[in-house]
Amino acid sequence: DAAAEKLLRQAVAIDQDHLQGLNCLAVLLETATGQFAEAEECYRRAYDIDSTHLPTLSNLAHNLYAFKRDLDGAESVFKRALLLHPSHAPTLCNYALFLQVGEE
């Protein structure tokens with residue numbers, strides 16, 4: 001949606017270190033507009049701000065394997081997420097699914 005994208009871009013322009021804004025913009029870019037490379041840039045900016053932020057790690061890993069087919073990069077990010085948050089059930093499930101896809 002163009003209106004949502006405009007508002008998210010405005011929020012990120014106001015506060016360039018806004019993790020939630022960067023993640024929301026990236027998700028919108030992936031799902032609504034198919035701008036996967038720009039979405040990855042948003043996730044990487046968020047990662048540079050806070051490399052321990054679980055939503056950023058999870059979203060970046062998903063972007064890398066689902067859209068870029070960078071399996072090594074995705075696995076590295078998943079492993080980092082689980083090193084920092086070993087009992088986070090959604091990340092464990094997503095990593096398991098990733099491993100299943102990687103075997104196919």
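Just so we're clear, the structure is a prediction, and the values are computed from it rather than from any experiment.

Conventions used here
- Residues numbered from 1 in each chain as written.
- Predicted model: local features only at pLDDT ≥ 70, side-chain atom pairs only at ≥ 80, totals over all residues.
- Heavy atoms only, no water.
- Helix = DSSP H or I, 4+ residues; strand = E, 2+ residues; numbered from the N terminus.
- Rg over C-alpha atoms; globule rule 2.2 N^0.38 Å.
- Buried < 20%, exposed > 50% of the residue type's maximum accessible area, 1.4 Å probe, protein only.
- Contact = heavy atoms within 4.5 Å.
- Polar contact = N/O pair within 3.5 Å; in protein donor to acceptor, adjacent residues only side chain to side chain.
- Core = buried A, V, L, I, M, F, W, Y, C linked by side-chain atoms within 4.5 Å.
- Axes fitted to C-alpha atoms, helices over the stretch in contact; angles between N-to-C directions.
- Parallel < 35°, antiparallel > 145°, perpendicular 65-115°, else oblique.
- Left-handed = near helix turned anticlockwise from the far one by under 90°.

Caption draft 1: Molecular detail of the overall build of the protein. Helices and strands together make up the secondary structure of the protein, namely six helices and zero strands. Along the protein, helices and strands appear, N-terminal first, in the series α-α-α-α-α-α. Taken against the 2.2 N^0.38 rule, which gives 13 Å for 104 residues, the C-alpha radius of gyration of the protein at 14 Å falls within 12% of a compact globule. If one aligns the C-alpha atoms of the protein with their principal axes, the spans along those axes are about 40 × 25 × 20 Å. With 104 residues in all, the protein has 34% of them scored as buried.

Caption draft 2: How the structure looks around the side chain of Glu5. With respect to the helices and strands, Glu5 occurs in helix α1 (residues 2–14). Excluding its chain neighbours within four sequence positions, the residues that come into contact with Glu5 are Leu25, Leu28, Leu29, Thr33 and Gln35.

Caption draft 3: Spotlight on the environment of Leu19. Considering the arrangement of structural elements, one finds Leu19 in helix α2 (residues 19–33). It is 19 Å that separates the C-alpha atoms of Leu19 and His88, two residues lying 69 residues apart in sequence. Each residue touching Leu19, except ones within four places of it in the same chain, is listed here: Ala46, Ile49, Asp50 and His53.

Caption draft 4: Local environment of the environment of Asp50. Of note, Asp50 is situated in the loop between α3 (36–49) and α4 (54–66). Reaching out from Asp50, the side chain makes a polar contact with the side chain of Thr52 at a distance of 2.6 Å.

Caption draft 5: Looking closely at the nonpolar core. Counting 25 residues, the largest nonpolar core has Leu25, Cys42, Val77, Phe78 and Phe98 as its most contacted members. Counting only elements with at least two residues in this core, the list comes to α1, α2, α3, α4, α5 (71–84) and α6 (89–103). In contact with Phe98, other than residues within four places in its own chain, are Tyr65, Leu71, Ala74, Glu75 and Phe78.

Caption draft 6: Structural view of the packing of α3 against α4. The N-to-C vectors of α3 and α4 enclose an angle of 150 degrees; their axes lie 9 Å apart at closest approach. Taken together, the axes of α3 and α4 are roughly antiparallel relative to one another. Seen along the crossing, α3 lies across α4 with a hand that is left-handed. Facing Phe36, Ala39, Glu40, Tyr43, Arg44, Ala46 and Tyr47 of α3, the residues of α4 in contact are Thr56, Leu57, Asn59, Leu60, Asn63 and Leu64.

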